[in-house]
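Structural overview
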Amino acid sequence: MDGYHKFALMQLNSWSAFCHDPNIIQSYRWIQFDLGVNNIIGAIKLQERDNIEEYTTSFKLQYSDDGIAWIDYNEQGEQVAKVFDGTHDRNTISVYNLDYPPVRRYLRFIPLTCNSGRPCYRLDICRCATS
């Protein structure tokens, strides 16, 4: 499947979802976004797979200026990556506001746990360009 169709599956309220291959080891399960220019990343909206009970139960975020060196998103004053609780049903769109929004060009969404053998999701990035 080409990148356009994978992206279409990932959009909120689409008929399916983006699902990771269950045979890929955990450290390689992520999806990376190039936002083109630096953006204030204010929130993530997450919705699970529409047609099958497969969803992501926890995730973390990373951001980068260059797509090479990555920084874990954490709450101010914390030294460890923030782990977000995922969603637990197929229809609800959950909004995860970032209290300390990073201003970066690249973002990674990293599913950590799921209710089945493979994390599936539809998502959107709430952002605003800085230039």
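A brief look at the structure comes next. (Residues numbered from 1 in each chain as written. Predicted model: local features only at pLDDT ≥ 70, side-chain atom pairs only at ≥ 80, totals over all residues. Heavy atoms only, no water.)

Here the focus is the overall build of the protein chain. The helix and strand tally for the protein chain stands at one helix and eight strands. Reading the protein chain from its N end, one meets helices and strands in the order α-β-β-β-β-β-β-β-β. Relative to its length of 131 residues, the protein chain is compact, with a C-alpha radius of gyration of 14 Å against a globular reference of 14 Å. Looking at the 131 residues of the protein chain, the share that counts as buried comes to 41%. For the protein chain, the proportion of contacts with a sequence separation of at least 24, taken over those separated by at least 6, is 81%. (Helix = DSSP H or I, 4+ residues; strand = E, 2+ residues; numbered from the N terminus. Rg over C-alpha atoms; globule rule 2.2 N^0.38 Å. Buried < 20%, exposed > 50% of the residue type's maximum accessible area, 1.4 Å probe, protein only. Contact = heavy atoms within 4.5 Å.)

For the rest of this paragraph, the subject is the packing of aromatic side chains. One pair of aromatic rings is described through two measures. These are the centre distance and the angle between the planes. Under the defined criterion, the tally for this structure stands at seven aromatic pairs. Aromatic pair F59 and F84: ring centres 4.9 Å apart, planes at 5°, arrangement stacked. Here the residue F59 occupies a position in strand β3 (residues 56–64), and F84 occupies one in strand β5 (residues 84–85), the gap between them amounting to 25 residues. Across the pair, exposure class does not vary: F59 and F84 are buried alike. A centroid spacing of 5.0 Å and a plane angle of 90° characterise the contact between F59 and Y96, whose relative ring orientation is edge-to-face. With a gap of 37 residues between them, F59 in strand β3 and Y96 in strand β6 (residues 94–97) connect regions that are remote in the sequence. Y96 carries the same exposure label as F59, and that label is buried. Through a chain of ring-to-ring contacts, three or more aromatic side chains come together here, namely F59, Y73, F84, Y96, F109 and Y121. The ring of F84 carries K82 above its face, with NZ or CZ at 5.2 Å from the centroid. Geometry around W30 places R108 over its ring, the cationic atom sitting 3.7 Å from the centre. (Phe/Tyr/Trp six-rings, centres within 6.5 Å; stacked < 30°, edge-to-face > 60°. Lys NZ or Arg CZ within 6 Å of the ring centre and 35° of its normal.)

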